[in-house]
Amino acid sequence: MKALVWHGKQDIRCDTVSDPEIEDSRDAIIRVTSCAICGSDLHLFHNFIPAMLPGDIMGHESMGEVVEVGSAAKGKLKVGDRIVVPFTIFCGECEQCKRQNFSVCERSNRKKELAEKVFGHATAGLFGYTHLTGGYPGGQAEYLRVPFADTTHIKVPDSLTDEQVLFLSDILPTGWQAAAQCDIEPTDTVAIWGCGPVGQMAIRSAILLGAKQVVAIDCIPERLAMAEAGGAITINFKEDSVIGRLDDITSGKGPEKCIDAVGMESHVSISQPDTLLDRAKQMMMLENDRPHVLREMIYVCRPAGILSIPGVYSGLIDKVPMGMAMNKGLSFRMGQTHVNRWTDELLRLIEEGKIDPSFVITHTVGLEEGPEMYKVFRDKQDNCVKVVLKP
Amino acid sequence: MNMLARAADITRSPGDPKVLSKGASSSLGASDRLARNLGWFSIGLGVVELVGARRLASLLGMRGAEGLIRAYGAREIAAGMMSLSANPNPGIKSRIVGDAIDIVTLLAALRHGNPRRGNVEVALLAVAGITVLDLICQKGLTSRHARAPGPYRDYRDRSGFPQGVNAARGAARKERQAPEDKAGF
């Protein structure tokens, strides 16, 4: 089969690989009908996330048709079922899964010993990600083996298109969790840094959850236009002072809730000197991530506010003003998304026509064009916001 | 097939797909590869300048300029590391500035009294050649990775709310049920 394979830093190719095989009775194999390139794939692309190996298949946003089912999964899945695959693999039986903390499932990470050495405790297995999360082959491929398939799936009705449901795999529940963990009140101003795909979903989620005002911060005009379409007040940080505008919008009090949908690769510019220092440190391997957004959120957030962090961080960060955060009584809420905690509710919202996540798709291409689209998406060329691949 | 990919296969389980043949086209373009090679070259040259400053000064008839050569070595290493980063363009640009400084320095060493004038001429030729490569690389990186200047596509019709933004405001709030376990929330 064809698959997008990581061969090293910034080197993705469309390779011919062997077909996946059922390994466990809870496995299933799907024929992928649609998959997408995610912003966190770019962190792997840049080799900022450790423990990728040449030959790893990329992709954690996939859906398709079940073509083979292991014996233990047959009660829940059958050949021909149409499913979206959540990026977090979970057993559904461990203590964390019973609490719906699926992204920290205690059993699905098959390289648990490695993860425990790095993180202290292992987290869930993820598709198409680092070997710290199991090194499972990803879904930017023609076929995908789904481990723990009896639980790790979202069945979707034929009445909805792939484009409407594909993002239940990651970015929609990720944006939703980011907003949900803000405990949004009708009087709240929610400020969201980053208008990429997750930021766009977080904006829609904050609107659906009833925020009084949603403010979106970015510097890419077409992404800001998309944010505005979703009901956000926008700030272009290259043209305006983020702090000044947020003060104006909130009568000097600051937003109650802040969402970091940027993560480890914040924009670098002379007007934000800390980003230059972070970039230099990152290049000298003295710091893993560029946490400009975290610093800014801590500074602007209203005391006793909540910082929600769906953006991915990989390791060590410097000069984060913890004293400021402590004295302001801020709460930090973060983590990989517990996808299936939210997907019943989100699927219902899609079916009721309250949200249609397909708005974010700007490019649809075949798998062979995937390597080029990594570059286009990375460089934000051709007004690219979200790429869907059709294997 | 890539040897590294083959070696990495020992970490995979029997049912995992393995690379059979490598795709021809890569997300890594020719200019990206050139930048990477120039980056490694820069680091190598920087180390030589740092470690062998006295020998270089002697070869170029620039005795007394050892400190300057070591400073140039540090500059080369910094530019090399920048050229190996995810965005190599600033690194290559800094290499071009460095090339210009090197050329000015070598031109100054071409004075009549320098017994190593021939060596300086060879070094000048080498720097000129590398400068051409740096310029080609910088041009290639810019044309491959730059965002075209506007006009930008107008996505203001992409609300994502089939019933409109006003109908969407708070639409999910009333119906929401908190998850049973709110640990950490």
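Residues numbered from 1 in each chain as written. Chains lettered and ligands numbered in written order. Predicted model: local features only at pLDDT ≥ 70, side-chain atom pairs only at ≥ 80, totals over all residues. Heavy atoms only, no water.

What follows concerns the pairing of strand β1 (residues 2-6) of chain A. Residue and element names in this part refer to chain A. Taking burial as the measure, the five residues of β1 include four buried ones, the bulk of the element. Bridging between β1 and strand β2 (residues 12-17) involves five bridges; their strand directions are antiparallel. Across the sheet, W6 pairs through a bridge with I12, a residue of β2. Count of turn residues in the β1/β2 antiparallel hairpin: five residues, of which G8 carries a positive phi of about 145°. (Buried < 20%, exposed > 50% of the residue type's maximum accessible area, 1.4 Å probe, protein only. Helix = DSSP H or I, 4+ residues; strand = E, 2+ residues; numbered from the N terminus. Pairing = 2+ DSSP bridges.)

All names here are of chain A. Assigned domains of chain A: these are domain 1 (2-170 + 337-390) and domain 2 (172-334). Computed over C-alpha atoms only, the centres of domain 1 and domain 2 are separated by 26 Å. Taken together, the 32 residues of domain 1 in the interface contact 20 residues of domain 2. Interface area for domain 1 against domain 2, summed over the two sides, is near 2400 Å², with a carbon-plus-sulfur share of 71%. Of all residues in domain 1, F48, F359 and V385 bury the most surface against domain 2, accounting for 24% of the area lost on that side. (Domains from an automatic or database assignment. Contact = heavy atoms within 4.5 Å. Buried area = accessible area lost by both parts, 1.4 Å probe.)

Moving on to the UniProt feature "domain: Alcohol dehydrogenase-like C-terminal" (unreviewed entry) in chain A. According to UniProt, the positions carrying the feature "domain: Alcohol dehydrogenase-like C-terminal" (unreviewed entry) are residues 197-266 of chain A. Span residues 197-266 of chain A is 41% helix and 20% strand, its end C-alpha atoms 15 Å apart. (UniProt positions renumbered as here; feature names shortened; annotations may be inferred.)

Residue and element names in this part refer to chain A. Read across the sheet, six strands follow the order β13-β12-β11-β14-β15-β16 without closing on themselves; strand pairing throughout is parallel. Unpaired on one side and paired on the other, β13 (233-236) and β16 (331-334) mark the two borders of the sheet. Across the sheet, the mean angle from the axis of one strand to that of its neighbour is 20°, orientation sign disregarded. Sheet analysis places strand β11 (residues 189-193) next to strand β12 (residues 213-218), joined by five bridges and oriented parallel. In the sheet register, I192 faces β12, and the bridge partner there is A216. Contacting β12 and β13, helix α7 (residues 221-229) runs over the sheet at an angle of about 165° to β13. (Axes fitted to C-alpha atoms, helices over the stretch in contact; angles between N-to-C directions.)

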